[in-house]
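Breakdown of the fold
Chain residues, written in single-letter form:
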Amino acid sequence: MPLNTSAKPQSPDISKDINSHLLHTVGADPGAASSSEMMQAVAQVARAQLSERWVHTQREERKHKARRVVYLSMEFLMGRTLSNALAALNLTEGAAAGALQHAKNLEDLTGCEPDAALGNGGLGRLAACFLDSMATLGLPSFGYGIRYEYGMFAQEIQGGNQVEYPDSWLKDGTPWEFPRAELTYPVRFGGWVAHEDGKVVWKHAGEVAAKAYDMVVPGHGTHKVSTLRLWKAVAPDHIDLGAFNTGDYARAAAAKNEYENISWVLYPNDSTPAGRELRLKQEYFFVAASMQDLIKRHLDEHHTLDNLAEHVAIHLNDTHPAIGVAELMRILCDEHDMLWDKAWALCGKTFSYTNHTLMPEALETWPVSLIQHVLPRHLEIIFRINKEFLDQAARFRPGDQEFLKRLSLIDETGERRVRMAHLSVVGSHQINGVSALHSELLVRTIFTDFASLWPHRFTNMTNGVTPRRWLAQANPSLSKLLDASLGSGWRLDLNKLQGLKEHQGDAAFREQFRAIKRYNKVRLAHLIKETTGVVVSPDSLFDVQVKRIHEYKRQLLNVLHVVTRYQAILANPDAPWVPRTVIFAGKAASSYVAAKSIIRLIHDVGLTVNNDERIGDKLKVVFIPNYGVSVAEIIMPGADLSEQISTAGTEASGTGNMKLALNGALTIGTDDGANIEIRQNVGDDNIFIFGLKTPEVRDLRVTGYHPLNYYEGNPTLKAVLNAIGEGEFSPDEPGRYSALINSLVWGGDHYLLLADYASYVATQQQVDGVYRQPELWSQRAIANVAGMGVFSSDRTIGEYARQIWRVTPAPY
Ligand code: 26W
């Protein structure tokens, strides 16, 4: 009997399998295989085991008629798969040994894999963390999305400007997908609706086939897996055969493209919904295919739809799949002859919805005319849902026409539009925000009227991140220290990190912790050198802001501080400055002019500051290009300071804030999103909170905000804004940033940068003060890691499973 039964079994020797796959699957000489060929061979070894686990999981779930969760999401930012799969399958050491036999490191192999970047930012990465947790908790689950041929664009910087390139992640194929040729469903569009003696028939005008490709998501510490099923649009076989037969191949190919373009590209926009027909078609395309798939599975197992709600929970990741509410009604009523009321009750028990943003410009609405054109039957269904809903609401508050107007699924001001958030709310039994503050703001602002009708529908599920990727995989050095001091259980129970509190006071432990941080900073410094050419010192404070570039996230406020510091160092070069490296990364939506201008400004400031000999190592500014999951895995462990500086009330949650704190960065942030809960969990002394709070932001806007007063009243701020606005950092084009600066001083400064500036700069000085005391800093950094247990996505998914989905791990 072994003493420690929880000890990890030894990782098996897989060198023979690797060689066999090199020879038989990859088609490469095992004696001369490249890193990329090795990566493919190792991936094949993992793939075979994933396949076994998938088959087993499906078989058991069928046998137990398990209740499942279906997670509908337009975005899944999966990143790379190999390292995670090896860890889950306990193959890491075996793969490393196999690689070594070919004179390679495992990192040489894993580095060859392109990211699956099928998402824009936080929402997409959250979906990927959730799949990891669903698999790990053993929840019967499917994620459904789109198999975009081109994911999030690749960002290059040319002359300080962002340039976008297509992300052809599939060009060399991927070892991770399982094409399911037999799972192909028709998805229809357009046409008109015939009402023939009580029967409704959608006379569609076009049809495309949706073909399933599965990615297997392995759980950790379990053999259970989750499935990510992605749909590819394929022209139906019968299209324009006439053109082919007459030899008009070009016309036939053009027709084919018209269908297949539906799954070509991810819309690279997280700020304003693209009001384009193709986007609406994408939304309906993947929802319709997913619904057919889940209904087929349900009928195979249960032979009736009457009990659908007992066996499936469908989750809407934001409003992007909201058309699913109308689609389920259409399937039940039109195709299965269910009565409307019964179908509607079933729908309401099945759907739940997460809102990820309060920003009015990001709330999806579609012109009624467009839905009429693309989905005429769905529009009728939406109108009927709306009518019955408004009748009910009118009984609740008789005579209040304004109330009904605000609640309506149709926005009647100007061009009539369907409000997808309203459709999601009326169709769901639970609606949640993604942090305590955000959920509270939802019921106080955009959903107040709904909350007065249905207070119990609204709830909070604070976001989380998977510790497997964001600690175990991204930070092997810290993981080793944690294993040695706490045991390895934190991977599956992140609350175990609390045990670090005991070690906080131990000088030797702090010393090791600092050495690990330094090692990770050296790694990050290498990446910076490689990608930007700038040499930075790992002994400087690494001050990190990484996220999509957006005005509300206030990268520009960070730049204002950088310039403040630059001017202060020049004015007082001999003061005991704490050397800083300010690190930015993130993509701007291609059409977002102000965000792109901020990227350019960061580069211009960097050029000036980094090349100013009077400054030296006291200040460096770098922008790491092409931010994505894999780049983040290097940045998070190397950060000292985490910038979370959105205007209070604008960042729904944030998840980068969690990844950074989990890796021992201290946060400088506003009272916003999950920062508030991070503060509660790490303690007030271990975080730097500054700036206006949400009610103060509201009050200031109501009483009248005058940015000019801040400009005139603060000479330091004035000097900074003047320097940027007058071209000190763009001498070749002095007016380059006048619009950006004018939007602050004269244009209303919508996100209140000037109002928060003084508080921000003062807080940055406090940061320096603590950083000067390495023992104190590392004590606080350790307290951050120790307090992050609650931000595991396992906790989040556990809450969703219990409170919203009522799904439990199948008992096998
Ligand atoms: C097409 C338009 C579009 C696409 C995506 C509009 C808005 C979105 C998302 C809501 C953007 C997003 O990623 N939101 C982020 O979601 C994270 C996960 O909940 C939160 O942590 C972030 O605060 C939120 O900005």
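This one's a predicted model, so the numbers in the text were calculated from it and none came from an experiment.

Turning to the overall build of the chain, a few remarks are in order. For the chain, the count of helices and strands is 34 helices and 24 strands. Here the chain has a C-alpha radius of gyration of 27 Å; the compact-globule value for 812 residues is 28 Å, and the two agree. Per-residue burial over the chain gives 61% buried out of 812 residues. Put simply, 76% of the contacts in the chain that link residues at least 6 apart link residues at least 24 apart.

Now for the site of the ligand. Taken together, 19 residues are adjacent to the ligand, and Leu 123, His 356, Asn 463, Glu 651 and Gly 654 come closest. A distance of 3.2 Å is found between an oxygen atom of the ligand and a side-chain nitrogen or oxygen belonging to Tyr 552. A distance of 2.6 Å is found between an oxygen atom of the ligand and a side-chain nitrogen or oxygen belonging to Glu 651. Computed on the free molecule, the ligand has an accessible area of 570 Å², of which 96% lies beneath the protein chains in the complex. At three residues, helix α6 (residues 122-136) tops the list of elements feeding residues into the shell around the ligand. A per-class count over the shell around the ligand returns six nonpolar, nine polar and four charged.

We note that Ala 103 has phi near 60°; this positive angle belongs to a residue other than glycine. Mapped onto the secondary structure, Ala 103 falls in the loop between α4 (92-101) and α5 (106-110). Backbone geometry at His 303 places phi at a positive 65°, although glycine is not the residue there. Mapped onto the secondary structure, His 303 falls in the loop between α9 (277-302) and α10 (308-311).

Further remarks concern α4. For α4, every residue scored as buried is listed here: Gly 94, Ala 95, Gly 98 and Ala 99. One side of α4 carries all its buried residues, which in axial view fall inside an arc of 135°. Close packing links the buried residues of α4 with α1 (15-26), α2 (35-63), α3 (82-88) and α5.

We now examine the pairing of strand β21 (residues 619-624). Taking burial as the measure, the six residues of β21 include six buried ones, the bulk of the element. Side chains of β21 alternate between two faces, with Leu 619, Val 621 and Phe 623 and Lys 620, Val 622 and Ile 624 buried alike. Across six bridges, the pairing between strand β20 (residues 580-585) and β21 is parallel. Bridge pairing in β21 links Arg 580 to Leu 619. Taken together, β20, helix α24 (residues 593-610) and β21 constitute a β-α-β crossover, and its handedness is right-handed.

Turning next to the sheet that holds strand β12 (residues 312-317). Read across the open sheet, the nine strands follow the order β7-β10-β11-β4-β1-β12-β13-β17-β18; overall the sheet is mixed. Looking at which strands have only one partner, the edges of the open sheet turn out to be β7 (177-189) and β18 (458-460). The average angle at which neighbouring strand axes cross in this sheet is 25°, direction not considered. Bridge analysis of strand β1 (residues 68-72) against β12 gives five bridges, and the strand direction is parallel. Bridge pairing links Val 69 to Ala 313 in β12. α6 contacts β1, β4 (141-146), β10 (206-218), β11 (225-234) and β12 of the sheet and is inclined by roughly 55° relative to β10.

What follows concerns the UniProt feature "modified residue: N6-(pyridoxal phosphate)lysine" (unreviewed entry) in the chain. Listed under "modified residue: N6-(pyridoxal phosphate)lysine" (unreviewed entry) in the UniProt record, and renumbered for this structure, are Lys 659. Looking at the element boundaries, Lys 659 is found in helix α26 (residues 656-662). Leave out the neighbours within four places in its chain, and Lys 659 touches Arg 125, Val 465, Trp 470 and Met 636.

Nonpolar side chains in soluble globular proteins tend to be buried together. Ranked by size, the top nonpolar core spans 264 residues in total, and within it Phe 285, Ile 635, Leu 754 and Trp 805 carry the most contacts. In terms of residue count, α9 provides more of this core than any other element does, eleven residues in total. In this view, Ile 635 contacts Leu 524, Leu 527, Val 544, Val 546, Ala 585, Ile 624 and Tyr 627; residues no more than four positions away in its chain are not counted.

This paragraph deals with the pairing of β10. Across the 13 residues of β10, twelve count as buried, placing the element largely inside the fold. As defined by bridge partners, β7 adjoins β10 across ten bridges and the pair is classed as antiparallel. Within the sheet, the bridge partner assigned to Arg 188 lies in β10 and is Glu 207. Sheet topology places β10 next to β11; ten bridges connect them, and they run antiparallel. Counted as the bridge partner of Pro 218 is Val 225 from β11. Connecting the antiparallel pair β10 and β11 is a turn made up of six residues, with Gly 221 showing a positive phi of about 70°.

How each quantity is defined
- Residue numbering note: each chain is counted from 1, following its sequence as written.
- In view of the model being predicted, local features appear only for residues whose pLDDT reaches at least 70, and side-chain atom pairs are presented and counted only at 80 or more, with totals across whole chains, interfaces and linings using the full set of residues.
- As a convention, hydrogens and water are excluded, and side-chain values are obtained from all of the structure's heavy atoms.
- Helix and strand assignments come from DSSP, with helices taken as H or I runs of at least 4 residues and strands as E runs of at least 2, each series counted from the N terminus.
- Both definitions apply: the radius of gyration is a C-alpha atom measure, and the globule rule equals 2.2 Å times residues to the power 0.38.
- Think of it in three bands: with a 1.4 Å probe and only protein chains considered, a residue is buried below 20% of the maximum accessible area for its type, exposed above 50%, and partly exposed in between.
- Any two residues whose heavy atoms approach within 4.5 Å are treated as being in contact.
- By convention in these notes, a residue is near a molecule or strand provided one of its non-hydrogen atoms lies within 4 Å of it.
- For the purposes of these results, a polar contact is taken to be a pair of N or O atoms within 3.5 Å, where, inside protein, one atom must be able to donate a hydrogen and its partner to accept one; residues adjacent in sequence count only when each atom of the pair is a side-chain atom.
- Shrake-Rupley sampling with a 1.4 Å probe provides the accessible areas, and residues are treated as covered by the protein chains on show and by no other component.
- Amino acids outside the nonpolar list (Ala, Val, Leu, Ile, Met, Phe, Trp, Tyr, Cys, Pro) and the charged list (Asp, Glu, Lys, Arg) are all regarded as polar, and Gly is one of them.
- This arc describes the spread of directions from the helix axis toward the C-beta atoms.
- Two strands form a pair only when DSSP identifies at least two bridges running between them.
- Every crossover in which the path from the first strand over the helix to the second runs clockwise, viewed with the strands pointing away from the viewer, is termed right-handed.
- Helix axes are fitted only over the stretch in contact, all axes being lines through C-alpha atoms; the angle between N-to-C directions runs from 0 to 180 degrees.
- UniProt positions are given in the numbering used here, feature names are shortened, and annotations may be inferred rather than shown by experiment.
- Think of a nonpolar core as a cluster: buried Ala, Val, Leu, Ile, Met, Phe, Trp, Tyr and Cys residues, connected wherever their side-chain atoms sit within 4.5 Å.

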